[in-house]
Amino acid sequence: MPIRIDQPVRPGLRMECADEGRLLLVQGGRPVLFARQRATHHGVHYARTGRYVSPLAPLRAADDRALAALAPPGSAEWTERWAARWAAELRGAARGPLHEGDWHLAPVVPGWFVEHHWARLLPHDTDRGHLTWFGYGDPVEDARDLLPLRALSAPDAPRVKAYRRRFREGVLAPVLLWWISGLNVPVVLDGHDRLVAALAEGGRPQVLLLSRAVDAAYVAVCSERPLREYEERMAALEPGPLARVKAGAASRRLADALTAIERATEITRAWPLSGGVAAWERAAAAHVPGWAPPRMP
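Please read these numbers as outputs of a predicted model, since none were measured by experiment.

Rules and cut-offs
- Residues numbered from 1 in each chain as written.
- Predicted model: local features only at pLDDT ≥ 70, side-chain atom pairs only at ≥ 80, totals over all residues.
- Heavy atoms only, no water.
- Helix = DSSP H or I, 4+ residues; strand = E, 2+ residues; numbered from the N terminus.
- Rg over C-alpha atoms; globule rule 2.2 N^0.38 Å.
- Buried < 20%, exposed > 50% of the residue type's maximum accessible area, 1.4 Å probe, protein only.
- Contact = heavy atoms within 4.5 Å.
- Lys, Arg positive; Asp, Glu negative; His and termini not counted.
- Charge placed at Lys NZ, Arg CZ, Asp CG, Glu CD.
- pLDDT = per-residue confidence, 0-100.
- Expected span 1.5 Å × (residues − 1).
- Arc of directions from axis to C-beta.
- Core = buried A, V, L, I, M, F, W, Y, C linked by side-chain atoms within 4.5 Å.
- Pairing = 2+ DSSP bridges.
- Axes fitted to C-alpha atoms, helices over the stretch in contact; angles between N-to-C directions.

1. What about the overall build of the chain?
Piece 1. Looking only at helices and strands, one finds 7 helices and 12 strands in the chain.
Piece 2. For the chain, the C-alpha radius of gyration of 21 Å lies close to 19 Å, the compact-globule estimate for 297 residues.
Piece 3. The principal-axis extent of the C-alpha atoms belonging to the chain is close to 70 × 45 × 45 Å.
Piece 4. Residues classed as buried in the chain amount to 46% of the 297 residues present.
Piece 5. For the chain, contacts bridging at least 24 residues in sequence account for 72% of all contacts bridging at least 6.
Piece 6. Counting 39 positive and 33 negative side-chain charges, the chain places the averaged centre of each group 5 Å from the other.

Written out as C-alpha coordinates, the structure is:
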(Lines give C-alpha, C1' and ligand atoms only; values in the text may rest on other atoms or scores of the structure.)
Protein backbone atom coordinates (compact mmCIF):
# COMPACT_ATOMS: atom_id res chain seq x y z
CA MET A 1 0.00 0.00 0.00
CA PRO A 2 1.52 3.38 -1.00
CA ILE A 3 1.46 6.16 1.58
CA ARG A 4 2.05 9.80 0.71
CA ILE A 5 2.92 12.12 3.59
CA ASP A 6 3.21 15.91 3.34
CA GLN A 7 4.10 16.51 7.00
CA PRO A 8 5.49 16.43 9.71
CA VAL A 9 9.08 17.38 9.02
CA ARG A 10 10.34 15.71 12.24
CA PRO A 11 8.29 12.67 13.28
CA GLY A 12 7.79 11.65 16.88
CA LEU A 13 9.69 8.38 16.29
CA ARG A 14 12.89 9.10 14.40
CA MET A 15 16.50 8.09 14.02
CA GLU A 16 19.19 10.61 14.92
CA CYS A 17 22.88 10.22 14.15
CA ALA A 18 26.33 11.42 15.15
CA ASP A 19 29.83 10.72 13.87
CA GLU A 20 31.52 7.30 13.82
CA GLY A 21 28.35 5.32 13.28
CA ARG A 22 26.49 6.48 16.37
CA LEU A 23 22.71 6.15 16.12
CA LEU A 24 19.90 7.06 18.49
CA LEU A 25 16.24 6.17 18.06
CA VAL A 26 14.05 8.74 19.80
CA GLN A 27 10.31 8.54 20.52
CA GLY A 28 8.51 11.57 21.86
CA GLY A 29 11.81 13.08 22.95
CA ARG A 30 12.84 9.94 24.89
CA PRO A 31 15.71 7.65 23.79
CA VAL A 32 14.49 4.12 23.08
CA LEU A 33 17.51 2.60 21.29
CA PHE A 34 21.21 3.40 21.13
CA ALA A 35 23.35 1.82 18.44
CA ARG A 36 26.85 2.02 17.08
CA GLN A 37 27.94 0.56 13.78
CA ARG A 38 31.15 -1.43 13.64
CA ALA A 39 34.10 0.25 11.96
CA THR A 40 34.11 -2.16 9.01
CA HIS A 41 30.30 -2.30 8.76
CA HIS A 42 30.09 -5.97 9.72
CA GLY A 43 27.36 -5.33 12.25
CA VAL A 44 25.94 -3.02 14.89
CA HIS A 45 25.95 -2.97 18.69
CA TYR A 46 22.71 -1.85 20.30
CA ALA A 47 21.15 -1.09 23.67
CA ARG A 48 17.43 -0.72 24.33
CA THR A 49 16.21 1.60 27.06
CA GLY A 50 12.87 -0.14 27.72
CA ARG A 51 10.88 3.02 26.93
CA TYR A 52 9.45 2.12 23.55
CA VAL A 53 5.67 2.25 23.14
CA SER A 54 3.79 1.13 20.05
CA PRO A 55 2.28 4.09 18.13
CA LEU A 56 -0.79 1.98 17.31
CA ALA A 57 -3.88 1.31 19.38
CA PRO A 58 -3.96 -2.08 21.19
CA LEU A 59 -5.66 -4.88 19.26
CA ARG A 60 -8.61 -6.82 20.63
CA ALA A 61 -9.64 -10.33 19.73
CA ALA A 62 -12.70 -8.83 18.04
CA ASP A 63 -10.43 -6.89 15.68
CA ASP A 64 -8.66 -10.03 14.50
CA ARG A 65 -11.89 -11.94 14.03
CA ALA A 66 -13.65 -9.05 12.30
CA LEU A 67 -11.02 -8.81 9.58
CA ALA A 68 -10.85 -12.59 9.30
CA ALA A 69 -14.60 -12.57 8.60
CA LEU A 70 -14.11 -10.12 5.74
CA ALA A 71 -11.25 -11.93 4.00
CA PRO A 72 -9.41 -15.24 4.45
CA PRO A 73 -6.45 -14.72 6.81
CA GLY A 74 -3.19 -14.68 4.88
CA SER A 75 -4.88 -13.72 1.62
CA ALA A 76 -3.93 -10.64 -0.38
CA GLU A 77 -7.23 -8.96 0.53
CA TRP A 78 -6.76 -9.67 4.25
CA THR A 79 -3.23 -8.26 4.12
CA GLU A 80 -4.40 -5.18 2.25
CA ARG A 81 -7.10 -4.52 4.84
CA TRP A 82 -4.56 -4.61 7.67
CA ALA A 83 -2.23 -2.38 5.69
CA ALA A 84 -5.01 0.15 5.11
CA ARG A 85 -5.97 0.15 8.78
CA TRP A 86 -2.43 0.68 9.99
CA ALA A 87 -1.62 3.27 7.35
CA ALA A 88 -4.55 5.33 8.61
CA GLU A 89 -3.43 4.93 12.23
CA LEU A 90 0.18 5.78 11.46
CA ARG A 91 -0.87 8.97 9.68
CA GLY A 92 -2.33 10.26 12.92
CA ALA A 93 0.24 8.77 15.31
CA ALA A 94 2.11 11.50 17.16
CA ARG A 95 4.82 9.02 18.14
CA GLY A 96 5.07 7.18 14.83
CA PRO A 97 7.84 7.28 12.19
CA LEU A 98 6.06 8.84 9.20
CA HIS A 99 7.50 12.06 7.78
CA GLU A 100 7.07 13.81 4.47
CA GLY A 101 7.65 11.70 1.38
CA ASP A 102 6.50 8.45 -0.19
CA TRP A 103 6.24 5.22 1.79
CA HIS A 104 4.94 1.75 1.24
CA LEU A 105 3.44 -0.75 3.66
CA ALA A 106 3.35 -4.27 2.29
CA PRO A 107 4.43 -7.88 2.89
CA VAL A 108 8.14 -8.52 2.56
CA VAL A 109 9.32 -9.97 -0.72
CA PRO A 110 10.19 -13.70 -0.78
CA GLY A 111 13.63 -14.50 0.56
CA TRP A 112 13.80 -11.54 2.93
CA PHE A 113 14.00 -13.67 6.07
CA VAL A 114 16.40 -16.56 6.57
CA GLU A 115 14.35 -19.46 7.87
CA HIS A 116 16.76 -20.67 10.57
CA HIS A 117 17.19 -17.16 11.96
CA TRP A 118 13.65 -17.21 13.39
CA ALA A 119 14.66 -19.72 16.07
CA ARG A 120 17.24 -17.26 17.47
CA LEU A 121 14.84 -14.46 18.27
CA LEU A 122 13.41 -15.78 21.54
CA PRO A 123 16.53 -17.23 23.21
CA HIS A 124 18.85 -14.41 22.14
CA ASP A 125 16.67 -11.34 22.68
CA THR A 126 18.68 -9.09 24.98
CA ASP A 127 18.40 -5.42 25.82
CA ARG A 128 22.10 -5.00 25.04
CA GLY A 129 23.48 -6.98 22.17
CA HIS A 130 24.96 -7.15 18.71
CA LEU A 131 23.57 -7.87 15.26
CA THR A 132 25.89 -9.32 12.66
CA TRP A 133 25.16 -8.33 9.09
CA PHE A 134 27.21 -10.69 6.99
CA GLY A 135 28.73 -13.28 9.32
CA TYR A 136 32.51 -12.81 9.35
CA GLY A 137 32.96 -15.34 12.14
CA ASP A 138 30.67 -13.57 14.62
CA PRO A 139 28.59 -15.70 17.01
CA VAL A 140 25.86 -17.44 15.04
CA GLU A 141 23.17 -16.23 17.45
CA ASP A 142 23.92 -12.63 16.39
CA ALA A 143 22.66 -13.34 12.86
CA ARG A 144 19.04 -12.19 13.13
CA ASP A 145 16.71 -10.58 10.63
CA LEU A 146 14.78 -8.18 12.84
CA LEU A 147 15.17 -6.30 16.10
CA PRO A 148 12.42 -5.94 18.73
CA LEU A 149 12.29 -2.45 20.26
CA ARG A 150 11.35 -3.82 23.67
CA ALA A 151 12.06 -7.03 25.53
CA LEU A 152 9.99 -9.93 24.25
CA SER A 153 7.48 -11.39 26.68
CA ALA A 154 7.67 -14.97 27.93
CA PRO A 155 5.77 -17.51 25.82
CA ASP A 156 3.47 -18.23 28.80
CA ALA A 157 2.69 -14.57 29.58
CA PRO A 158 -1.10 -13.99 29.75
CA ARG A 159 -1.29 -11.71 26.70
CA VAL A 160 0.93 -14.02 24.67
CA LYS A 161 -1.26 -17.00 25.61
CA ALA A 162 -4.30 -15.13 24.29
CA TYR A 163 -2.49 -14.42 21.04
CA ARG A 164 -1.39 -18.04 20.80
CA ARG A 165 -5.05 -19.10 20.82
CA ARG A 166 -5.78 -16.67 17.99
CA PHE A 167 -2.76 -17.97 16.08
CA ARG A 168 -4.10 -21.50 16.36
CA GLU A 169 -7.47 -20.22 15.12
CA GLY A 170 -5.68 -18.73 12.13
CA VAL A 171 -6.90 -15.16 12.74
CA LEU A 172 -3.89 -13.49 14.38
CA ALA A 173 -3.03 -10.07 12.95
CA PRO A 174 0.34 -9.52 11.25
CA VAL A 175 3.38 -8.07 12.97
CA LEU A 176 4.23 -4.54 11.84
CA LEU A 177 7.90 -3.87 11.04
CA TRP A 178 9.80 -0.73 10.08
CA TRP A 179 12.95 -0.86 7.96
CA ILE A 180 15.89 1.16 9.39
CA SER A 181 18.80 1.13 6.97
CA GLY A 182 21.33 2.29 9.58
CA LEU A 183 20.66 -0.91 11.54
CA ASN A 184 20.36 -2.97 8.35
CA VAL A 185 17.36 -4.77 9.86
CA PRO A 186 13.70 -3.94 10.37
CA VAL A 187 12.54 -3.19 13.90
CA VAL A 188 9.23 -4.27 15.41
CA LEU A 189 6.87 -1.28 15.43
CA ASP A 190 3.85 -3.18 16.71
CA GLY A 191 3.17 -6.81 17.57
CA HIS A 192 5.96 -7.91 19.92
CA ASP A 193 3.61 -10.30 21.72
CA ARG A 194 2.09 -11.52 18.44
CA LEU A 195 5.61 -12.32 17.26
CA VAL A 196 6.28 -14.38 20.38
CA ALA A 197 2.93 -16.14 20.05
CA ALA A 198 3.58 -17.28 16.48
CA LEU A 199 7.08 -18.51 17.29
CA ALA A 200 5.94 -20.23 20.50
CA GLU A 201 3.38 -22.16 18.47
CA GLY A 202 6.11 -23.35 16.12
CA GLY A 203 4.92 -21.08 13.33
CA ARG A 204 6.00 -17.91 11.61
CA PRO A 205 4.25 -14.56 11.95
CA GLN A 206 2.61 -12.78 9.07
CA VAL A 207 4.47 -9.49 8.69
CA LEU A 208 3.95 -6.12 7.03
CA LEU A 209 6.98 -3.93 6.38
CA LEU A 210 6.93 -0.14 6.47
CA SER A 211 9.69 1.63 4.59
CA ARG A 212 10.38 4.72 2.56
CA ALA A 213 9.63 4.10 -1.10
CA VAL A 214 12.25 4.40 -3.81
CA ASP A 215 11.48 6.99 -6.46
CA ALA A 216 9.90 6.30 -9.83
CA ALA A 217 13.16 6.87 -11.71
CA TYR A 218 14.84 4.07 -9.75
CA VAL A 219 11.95 1.72 -10.45
CA ALA A 220 12.03 2.55 -14.16
CA VAL A 221 15.77 2.00 -14.54
CA CYS A 222 15.84 -1.25 -12.56
CA SER A 223 12.81 -2.60 -14.43
CA GLU A 224 14.50 -2.36 -17.83
CA ARG A 225 16.55 -5.54 -17.53
CA PRO A 226 13.79 -7.94 -16.31
CA LEU A 227 11.43 -6.54 -18.96
CA ARG A 228 14.01 -7.06 -21.68
CA GLU A 229 14.76 -10.60 -20.48
CA TYR A 230 11.03 -11.39 -20.40
CA GLU A 231 10.60 -10.19 -23.96
CA GLU A 232 13.57 -12.30 -25.06
CA ARG A 233 12.16 -15.41 -23.38
CA MET A 234 8.76 -14.91 -24.95
CA ALA A 235 10.27 -14.33 -28.39
CA ALA A 236 12.30 -17.53 -28.09
CA LEU A 237 9.31 -19.71 -27.21
CA GLU A 238 8.64 -22.39 -29.77
CA PRO A 239 5.11 -23.62 -30.47
CA GLY A 240 4.26 -26.79 -28.66
CA PRO A 241 2.48 -28.34 -25.68
CA LEU A 242 4.87 -26.70 -23.18
CA ALA A 243 4.73 -23.20 -24.62
CA ARG A 244 1.86 -22.12 -22.40
CA VAL A 245 3.55 -23.51 -19.29
CA LYS A 246 6.82 -21.77 -20.11
CA ALA A 247 5.02 -18.50 -20.85
CA GLY A 248 3.25 -18.67 -17.49
CA ALA A 249 6.51 -19.32 -15.65
CA ALA A 250 8.16 -16.39 -17.44
CA SER A 251 5.26 -14.10 -16.55
CA ARG A 252 5.41 -15.08 -12.87
CA ARG A 253 9.17 -14.51 -12.84
CA LEU A 254 8.67 -11.07 -14.31
CA ALA A 255 5.94 -10.22 -11.82
CA ASP A 256 8.14 -11.29 -8.89
CA ALA A 257 11.08 -9.25 -10.19
CA LEU A 258 9.00 -6.10 -10.71
CA THR A 259 7.38 -6.48 -7.28
CA ALA A 260 10.80 -6.75 -5.62
CA ILE A 261 11.96 -3.60 -7.42
CA GLU A 262 8.83 -1.62 -6.59
CA ARG A 263 9.05 -2.64 -2.91
CA ALA A 264 12.77 -1.92 -2.60
CA THR A 265 13.59 -0.06 0.62
CA GLU A 266 14.92 3.47 0.43
CA ILE A 267 17.58 4.71 2.84
CA THR A 268 16.05 5.64 6.19
CA ARG A 269 16.29 9.32 6.98
CA ALA A 270 18.29 10.25 10.10
CA TRP A 271 18.42 13.69 11.67
CA PRO A 272 21.71 15.10 13.02
CA LEU A 273 21.87 14.67 16.79
CA SER A 274 22.10 18.05 18.46
CA GLY A 275 25.40 18.15 20.30
CA GLY A 276 26.95 15.39 18.23
CA VAL A 277 29.17 12.71 19.71
CA ALA A 278 29.37 14.33 23.15
CA ALA A 279 25.57 14.47 23.43
CA TRP A 280 25.28 10.81 22.33
CA GLU A 281 27.84 9.74 24.93
CA ARG A 282 26.09 11.67 27.70
CA ALA A 283 22.68 10.27 26.76
CA ALA A 284 24.03 6.70 26.60
CA ALA A 285 25.65 7.07 30.03
CA ALA A 286 22.37 8.34 31.47
CA HIS A 287 19.94 5.87 29.84
CA VAL A 288 22.03 2.70 29.39
CA PRO A 289 24.68 3.04 32.13
CA GLY A 290 27.64 0.73 31.81
CA TRP A 291 27.08 0.05 28.11
CA ALA A 292 30.23 0.62 26.11
CA PRO A 293 30.06 -0.93 22.62
CA PRO A 294 33.54 -2.04 21.55
CA ARG A 295 35.03 -0.75 18.31
CA MET A 296 35.31 -4.21 16.76
CA PRO A 297 36.74 -4.62 13.24
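2. Let's talk about the confidence of the model for the chain
Piece 1. Across the chain, the average pLDDT comes to 91, with 99% of residues at 70 or higher.
Piece 2. At the level of individual helices and strands, the chain shows its lowest average pLDDT in helix α6 (residues 243-262), which scores 83, and its highest in strand β3 (residues 22-27), which scores 98.

3. Section: helix α3 (residues 158-169)
Piece 1. With 12 residues, α3 extends 17 Å between its outermost C-alpha atoms, agreeing within 8% with the 16 Å of an ideal straight helix rising 1.5 Å per residue.
Piece 2. The complete set of buried residues in α3 reads Val 160, Tyr 163 and Arg 166. Seen along its axis, α3 keeps its buried residues to an arc of 115°; they face one direction. For α3, the exposed residues lying more than 90 degrees away from the buried face are Pro 158 and Arg 168.
Piece 3. For α3, the elements touching its buried residues are α1 (61-70) and α4 (192-200).
Piece 4. Of the residues one or two after α3, Gly 170 is the one with positive phi, at around 85°.

4. A closer look at unusual backbone geometry
Excluding glycine, most residues fall at negative phi; most peptide bonds, likewise, are trans.
Piece 1. The backbone of Glu 20 sits at a positive phi, close to 60°, despite the residue not being glycine.
Piece 2. Its place among the elements puts Glu 20 in the loop between β2 (13-18) and β3.
Piece 3. Its identity as a non-glycine residue notwithstanding, Asn 184 has a phi of 60°, on the positive side.
Piece 4. The topology assignment puts Asn 184 in the loop between β9 (175-180) and β10 (185-190).

5. Examining the nonpolar core
Piece 1. Counting residues in each nonpolar core, the largest one holds 39 residues, and the members touching the most others are Leu 25, Trp 86, Leu 105, Trp 178, Leu 183 and Leu 210.
Piece 2. With 6 residues, the single largest contributor to this core is helix α2 (residues 76-91).
Piece 3. Leaving out residues up to four positions away in the same chain, Trp 178 has contacts with Leu 13, Leu 25, Pro 97, Trp 103, Val 185, Pro 186, Val 187, Leu 189, Leu 209, Leu 210 and Thr 268.
Piece 4. Of all hydrophobic cores here, the second largest spans 20 residues; its members include Leu 121, Leu 152, Val 188 and Leu 199.

6. Digging into the pairing of strand β6 (residues 101-106)
Piece 1. β6 sits mainly inside the fold: 5 of its 6 residues count as buried.
Piece 2. Sheet topology places strand β1 (residues 2-5) next to β6; 4 bridges connect them, and they run antiparallel. Opposite Arg 4, over in β6, you have Asp 102 as the bridge partner.

7. Some details on the sheet that holds strand β8 (residues 147-148)
Piece 1. Reading across the sheet, the 6 strands line up as β1-β6-β11-β9-β10-β8 and stay open at both edges, with mixed pairing between neighbours. At either end of the open sheet lies a strand with only one pairing partner, and these are β1 and β8.
Piece 2. Bridge count between β8 and β10: 2 bridges; the pairing is parallel. Within β10, the position partnered with Leu 147 by the bridge is Val 187.
Piece 3. Of the strands in this sheet, β1, β6, β9, β10 and β11 (207-212) are in contact with α2, which crosses β11 at around 45°.
Piece 4. Lying on the sheet, α4 is in contact with β8, β9 and β10; it crosses β10 at an angle near 110°.

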